[in-house]
Structure formats: structure tokens, C-alpha cells
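# Coordinates in review
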Amino acid sequence: MFMTSAAVATGYADPEAAEDAFYRAFRDGDIETMRAVWSANGEVVCVHPAHTALSGYADVMASWESILATTEGFDIRFVCRQRLAADSLVVHIGVEEITAADGNRVTVPATNAYRRTREGWQLCLHHASPVQVEADAGPLHEVTPPRTPAGDRPAPRRRGASPAAPARSPESPYTRHR
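Here the structure is a predicted model, which is why all the values come from computation and not from measurement.

### With respect to helix α3 (residues 57-70)
- With 14 residues, α3 should reach 20 Å at 1.5 Å per residue; the first-to-last C-alpha distance of 20 Å fits that figure.
- If you check which residues of α3 are buried, you get V60, M61, S63, W64, I67 and L68. Each buried residue of α3 sits inside an arc of 155° when the element is viewed along its axis, so together they form one side.
- Looking at the packing, one finds that the buried side of α3 touches α1 (15-28), α2 (31-37), β1 (45-47), β2 (54-55) and β6 (120-128).

Next comes the structure, spelled out in C-alpha cells:
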């Protein structure tokens with residue numbers, strides 16, 4: 001169930017402060033802080049694991065209201081593995097480490113982009129990828145093996161043929177532990 005906070009900033013001093021507020025709001029179910037973290041005056045996009053992209057502040061906030069109202073009893077931490085910066089846009093690429101109340105853990109690849117606005121730094125993109133099942137899941141993409149010493153390549157696949165789809169969890173890790 002989500003909560004509201006009494007006083008909420010509308011922009012942050014730097015992307016890291018916005019990111020801290022985003023994950024704190026997510027963990028605590030604080031919809032007001034979640035609303036403040038996202039840029040309401042500009043284009044925003046959110047892709048939750050195993051879902052299509054949501055565009056626009058209203059649709060993104062509706063998704064967070066639903067998630068925060070039904071998700072509780074977990075901890076989430078973002079570990080930034082790469083940071084890209086250019087003028088008024090900063091992108092953090094990393095993983096979300098999610099631990100449920102029962103101790104189950106999942107790691108979700110995620111990308112967050114922050115834009116400097118008149119109000120300060122705000123989130124404009126959150127993309128969390130589906131979790132690939134580790135045991136016998138196989139690759140997400142087919143990779144052509146390197147040439148053999150004789151220069152031969154394996155026979156190409158027929159047009160329209162595709163490899164078997166890898167096993168994936170059909171649930172979003174955000175809504176898995178209710």
C-alpha cells in the first residue's frame with residue numbers, strides 16, 4: 001500500500017539525489033515522492049520488466065500508483081555500473097538488487113536517465129529488464145560462432161526460422177512478492 005509524504009521536493013541537486021529519492025519512494029511506497037522524482041514537464045518513459053513502454057507523465061504515474069499500492073515487504077538497491085553524462089542529461093546503467101521479505105533475491109538490469117530541469121534534476125527514463133531464468137535458460141540472443149580455422153561457418157538459419165525462445169519469468173519482479 002502506498003503512502004504520501006508531507007513535504008516533497010520537486011527537483012534534486014544532482015542525479016544521484018534524484019536516484020536516491022526514486023528508490024526510497026519505491027521501497028517505502030511513497031507515491032508523492034515518486035511523483036516529484038519524475039519530470040512532469042517533459043517527455044518521460046518507463047518500461048517495467050516484461051511490459052511495454054509507457055510514455056507520458058500520467059501513464060507512468062498510474063503504473064507507479066498500481067505498483068506501490070500492491071507491493072510491500074522488500075528492499076531495493078540500485079548499483080550503478082556505468083554513468084554517461086552530457087550537459088543536462090545523465091544516464092545510469094546498472095542493476096537493481098531486490099530482496100523480498102522472505103529473503104528471496106533477484107537482480108534486475110536497469111537504466112535510469114535524469115534531465116536537468118528548471119526545478120533541478122528529475123527522472124525522465126526508467127527501464128528495468130525482465131529477469132532471465134539462470135538455470136538452462138540459454139542466451140537471449142543468438143550469436144554466430146566465430147569462423148573455424150578452415151574458415152567455415154555453420155549453416156545459416158532459413159529465413160523466418162527462429163531459435164527456441166529462452167525460458168523467462170513471466171512475472172515482473174516488481175509485483176512478484178506481495
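What follows continues from the structure just given.
### Quick notes on unusual backbone geometry
- You will see that A50, though not glycine, has its phi angle at about 65°, which is positive.
- Here A50 shows up in the loop between β1 and β2.

### A short note on the sheet that holds β2
- Pairing is mixed in the open sheet, where six strands are placed in the order β2-β1-β6-β5-β4-β3. Unpaired on one side and paired on the other, β2 and β3 (74-86) mark the two borders of the sheet.
- Two strands pair when backbone bridges link them, and β3 and strand β4 (residues 89-100) are joined in this way by twelve bridges, in the antiparallel orientation. Bridged to V79 within β4 is V95.

### Observations concerning the packing of α1 against α3
- Put simply, α1 and α3 touch, their axes get as near as 8 Å, and they point 50° apart. Taken together, the axis directions place α1 and α3 in an arrangement best described as oblique. Contact with α1, carried on its side by F22, A25 and F26, involves W64, I67 and L68 of α3 and no other residues of that element.

### Observations regarding the environment of Y23
- In this structure, Y23 sits in helix α1.
- With relative accessibility at 5%, the residue Y23 sits in the buried group.
- On a C-alpha basis, the gap between Y23 and M34 in space is 8.7 Å, while along the polypeptide they are eleven residues apart.
- Beyond its immediate stretch of four places on either side in the chain, Y23 contacts I76, F78, E96, A110, N112 and H126.

### Section: the confidence of the model for the protein chain
- Per-residue confidence for the protein chain gives a mean pLDDT of 79, with 69% of residues at or over 70.
- The low-confidence segment residues 1-8 (pLDDT under 50) makes 24 contacts with residues lying over four places distant or belonging to another chain.
- Here residues 134-144 is modelled with pLDDT under 50, and outside its nearest four sequence neighbours on either side it reaches 13 contacts, counting other chains as well.

### Considerations on α1
- Between its terminal C-alpha atoms α1 stretches 20 Å, which fits the 20 Å expected from 14 residues at 1.5 Å a residue.
- Its buried side turned inward, α1 meets α2, α3, β3, β4, β5 (105-117) and β6.
- Backbone nitrogen of E16 and a side-chain oxygen of the N-cap are separated by 3.2 Å at the start of α1; the cap is D14.
- Backbone geometry just after α1 places G29 at a positive phi near 70°.

Parameters and conventions
- Residues numbered from 1 in each chain as written.
- Predicted model: local features only at pLDDT ≥ 70, side-chain atom pairs only at ≥ 80, totals over all residues.
- Heavy atoms only, no water.
- Helix = DSSP H or I, 4+ residues; strand = E, 2+ residues; numbered from the N terminus.
- Expected span 1.5 Å × (residues − 1).
- Buried < 20%, exposed > 50% of the residue type's maximum accessible area, 1.4 Å probe, protein only.
- Arc of directions from axis to C-beta.
- Contact = heavy atoms within 4.5 Å.
- Pairing = 2+ DSSP bridges.
- Axes fitted to C-alpha atoms, helices over the stretch in contact; angles between N-to-C directions.
- Parallel < 35°, antiparallel > 145°, perpendicular 65-115°, else oblique.
- pLDDT = per-residue confidence, 0-100.
- Polar contact = N/O pair within 3.5 Å; in protein donor to acceptor, adjacent residues only side chain to side chain.

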